[in-house]
Amino acid sequence: MRMTRSLAINEVLNNHQLCEVFLCAPQGGMRKSNRTNTLTLISDKTKLYDDRILGEIYHYTGMGQTGDQKMSGQNLTLAESDRNNVEVHFFEVMKSREYTYRGQVELAGGPYQEQQKDRDDRKRLVWIFPLRLKDSKAKFTKISPLINDQQELKDEFEEIKQVENLPIPHTEKARLIKARIGQGKFKKLLLERNCKCELCGVTDSRILIASHIKPWSESTNEERLDINNGLVLCPNHDALFDKHLISFDEQGKICISKTLSETVRIFMNVNDNLHISFTKKQLNYMRDHFKKIKLIEEK
Ligand SMILES: [Zn+2]
């Protein structure tokens, strides 16, 4: 038995209708139906962030939300779809509960593994499936900004990395890299999220500085690209943060270096009542920063 009816490219279904067409389960990102011999793939843009489109190829993250993904079940069905005669159909969700049909897909290459973070923020191995639409007229969504942005960010950071090879002093490199990050995509993405100094509320984007909480030089490539490793501060507060003269504890409460005089505190606009709010992911980076200021203080 085939699908209960054929679908038009870009047709929008709700979950119930989708299940009726493919006779599949009502949940999951990869839904296998033995009755219609289909595998339905759902790329939920409202949830998934690690899928990406490079050229015409969609790099689809396999199934399994925690721990290393296994090559079994639906992942295996997809991996073998070039020889098992299972039809693979592709949907994108841009808005909650709306499934847009993009048509049938096929493997554009063998699946490969990469490291991503799971729901609990733990590093794990996932399977990525390069997919191509079978119908040449069909198109994946005009690449959601997120995927585009990620690529732009990567390209930019590849450029920045070249600064590391320049025959100039380390401090000069660090200054150049910081300046370059401060003009680019990383800052733009951070400002889209929150366009003000996290501490004092200054909102002029011309002077706001986007920094890595965990410094560029100590970050892995993945951490360098991670927006959660970013913090927007005004120049004064950025300078203090950068030099570990202020940091933030688990609750976001400020910790000010004892070496900072009362006068400097007043002129630099910091006091013990300040705090910032950050996400759980930012907190992971902040912990190390906080430890460092404590270490310096204890010397
Ligand atoms: Zn500030």
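Basis of the calculations
Residues numbered from 1 in each chain as written. Predicted model: local features only at pLDDT ≥ 70, side-chain atom pairs only at ≥ 80, totals over all residues. Heavy atoms only, no water. Helix = DSSP H or I, 4+ residues; strand = E, 2+ residues; numbered from the N terminus. Buried < 20%, exposed > 50% of the residue type's maximum accessible area, 1.4 Å probe, protein only. Salt bridge = Lys/Arg side-chain N within 4 Å of Asp/Glu carboxyl O. Donors = N, O, S within 2.8 Å, 3.2 Å for Na, K, Ca; no water. Tetrahedral: all angles 85-135°; square planar, octahedral: opposite > 155°, others 65-115°. Contact = heavy atoms within 4.5 Å. Polar contact = N/O pair within 3.5 Å; in protein donor to acceptor, adjacent residues only side chain to side chain.

Across its full length, the protein chain carries nine helices and 13 strands. When its C-alpha atoms are laid out on the principal axes, the protein chain stretches across 80 × 45 × 35 Å. Relative to its 299 residues, the protein chain shows a buried fraction of 45%.

Turning our eyes to something else, we now look at the pattern of salt bridges. Taken as a whole and assessed by the stated rule, the structure comprises 18 salt bridges. One salt bridge in this structure joins E92 and R102, with 2.6 Å as the shortest N-O distance. Here R102 lies in strand β7 (residues 99-107) and E92 lies in strand β6 (residues 87-93), a separation of ten residues in the sequence. By relative accessible area, E92 is classed as buried at 0%. Across the pair K185 and E152 runs a salt bridge whose closest N-O atoms are separated by 3.5 Å. Remark: E152 occurs in helix α3 (residues 145-163) and K185 occurs in helix α5 (residues 185-193); sequence separation between them is 33 residues. Of the residues examined, E152 reaches a relative accessible area of 43% and is grouped as partly exposed. Salt bridges sharing partners connect three or more residues here, namely K178, D238 and D242.

Bound to the zinc ion are the protein donor atoms C197 (SG), C200 (SG), C234 (SG) and H237 (ND1), situated 2.1 to 2.3 Å from the metal. One can describe the donor arrangement at the zinc ion as tetrahedral, given that its four donor atoms subtend angles of 98 to 118° at the metal. Here the donor residues of the zinc ion are spaced in sequence according to C-x2-C-x33-C-x2-H. Here C200 is found in the loop between α5 and β10 (209-212), whereas its partner C234 is found in the loop between β11 (230-233) and α7 (235-242), with 34 residues between them in sequence. For C234, a relative accessible area of 8% gives the class buried.

Bringing the environment of E223 into the picture now. Looking at where E223 falls in the secondary structure, it is placed in helix α6 (residues 221-225). Take E223: its relative accessible area is 12%, and that puts it in the buried class. Placed 200 residues apart in sequence, E223 and L23 show a C-alpha to C-alpha distance of 41 Å. The residues touching E223, leaving out its near neighbours within four places in the chain, are H212, K214, E218, N229 and Y285. In this structure the side chain of E223 is engaged in a polar contact, spanning 3.1 Å, whose partner is the side chain of K214.

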